[in-house]
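Descriptive structure summary
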Amino acid sequence: RGPESARALAARAIGRLKLRRGLRHLYSVSEDGDQALRDEITEAFVELGEPRAHEPLLRRLTGPQGLPWAGAYALGHLAAQDEVLQALENAQKSFPELPKVRYALGLAAMQRRDYDEAAAHFQAALELSRTALGHQTVGAALEDVETQRRRSALAVSSWPMFHRGPDHRGATETELRP
């Protein structure tokens, strides 16, 4: 226990230094404290890639107190794990009116490079959002989808490679990994 600013700095340090042994402390204070502290704890969970972090975040998202957009951002990035993605999809079915769930699902789709699904989720979140911050956050995410689409369209579609042929060169349409 201590002043909120000191606790927020400690949460930030745990995340940035990837101190997994500090997870227990983060979980114990994740429900109390001010908004700045909860935001730092959320960021620490994202930094650590903690798979169980989605549980308290989802409880807050679907509960009466709600979750800030930073928490929805964290959920979206944690959804790279199948368990978290499934939990988010279930939350979307149970709470279709929550724009932050659709935003998190959009971020998860962006990580999978499924830009059409991401744009659909972000568009739904934009329509459901009632605040200026929500419109700003989701609008920026929609712009990012278009940016990523353009970048992927410019990507190389064939890679040079060596063959056993006489000139020992060629190209392939599939990316080769060692």
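Computed from a prediction, not measured in an experiment: that's the story for all the values here.

Regarding the packing of aromatic side chains
Overall, the coordinates contain 2 aromatic pairs when judged by the stated rule. Considering the side-chain rings of Trp-69 and Tyr-103, the 5.3 Å spacing of their centres and the 80° angle between planes classify their relative orientation as edge-to-face. With Trp-69 in helix H5 (residues 69-78) and Tyr-103 in helix H7 (residues 99-111), this residue pair connects regions lying 34 residues apart in the sequence. Per residue, the accessibility class of Trp-69 equals that of Tyr-103, and both read buried.

A look at the pattern of salt bridges
Per the counting criterion, the structure on display carries 4 salt bridges. Across the pair Asp-116 and Arg-149 runs a salt bridge whose closest N-O atoms are separated by 2.7 Å. Of this pair, Asp-116 sits in helix H8 (residues 115-128) while Arg-149 sits in helix H9 (residues 132-153); the two residues are 33 residues apart in sequence, bridging distant segments of the chain. On the basis of relative accessibility, which here comes to 57%, the residue Asp-116 falls in the exposed class. Close ionic contact of Arg-149 with Glu-146 constitutes a salt bridge, the shortest N to O distance being 3.0 Å. Taken together, the positions of Arg-149 and Glu-146, both in helix H9 and 3 residues apart, correspond to about one turn of that helix. The exposure class of Glu-146 is partly exposed, given its relative accessible area of 34%.

Quick notes on the side chain of Arg-102
Relative to the elements of secondary structure, Arg-102 occurs in helix H7. Within the local environment of Arg-102, its side chain forms a polar contact with the side chain of His-121, the two groups lying 3.0 Å apart. Beyond its immediate sequence surroundings of up to four residues, Arg-102 is in contact with Gln-92, Ala-120, His-121, Ala-124, Ala-125 and Leu-128.

Side note on the environment of Glu-127
Along the chain, Glu-127 turns up in helix H8. Distance in space between the C-alpha atoms of Glu-127 and Glu-97 is 10.0 Å, their sequence separation being 30 residues.

A short note on the environment of Arg-130
Of note, Arg-130 is situated in the loop between H8 and H9. On a C-alpha basis, the gap between Arg-130 and Pro-99 in space is 8.8 Å, while along the polypeptide they are 31 residues apart.

Rules of the game
Residues numbered from 1 in each chain as written. Predicted model: local features only at pLDDT ≥ 70, side-chain atom pairs only at ≥ 80, totals over all residues. Heavy atoms only, no water. Phe/Tyr/Trp six-rings, centres within 6.5 Å; stacked < 30°, edge-to-face > 60°. Helix = DSSP H or I, 4+ residues; strand = E, 2+ residues; numbered from the N terminus. Buried < 20%, exposed > 50% of the residue type's maximum accessible area, 1.4 Å probe, protein only. Salt bridge = Lys/Arg side-chain N within 4 Å of Asp/Glu carboxyl O. Polar contact = N/O pair within 3.5 Å; in protein donor to acceptor, adjacent residues only side chain to side chain. Contact = heavy atoms within 4.5 Å.

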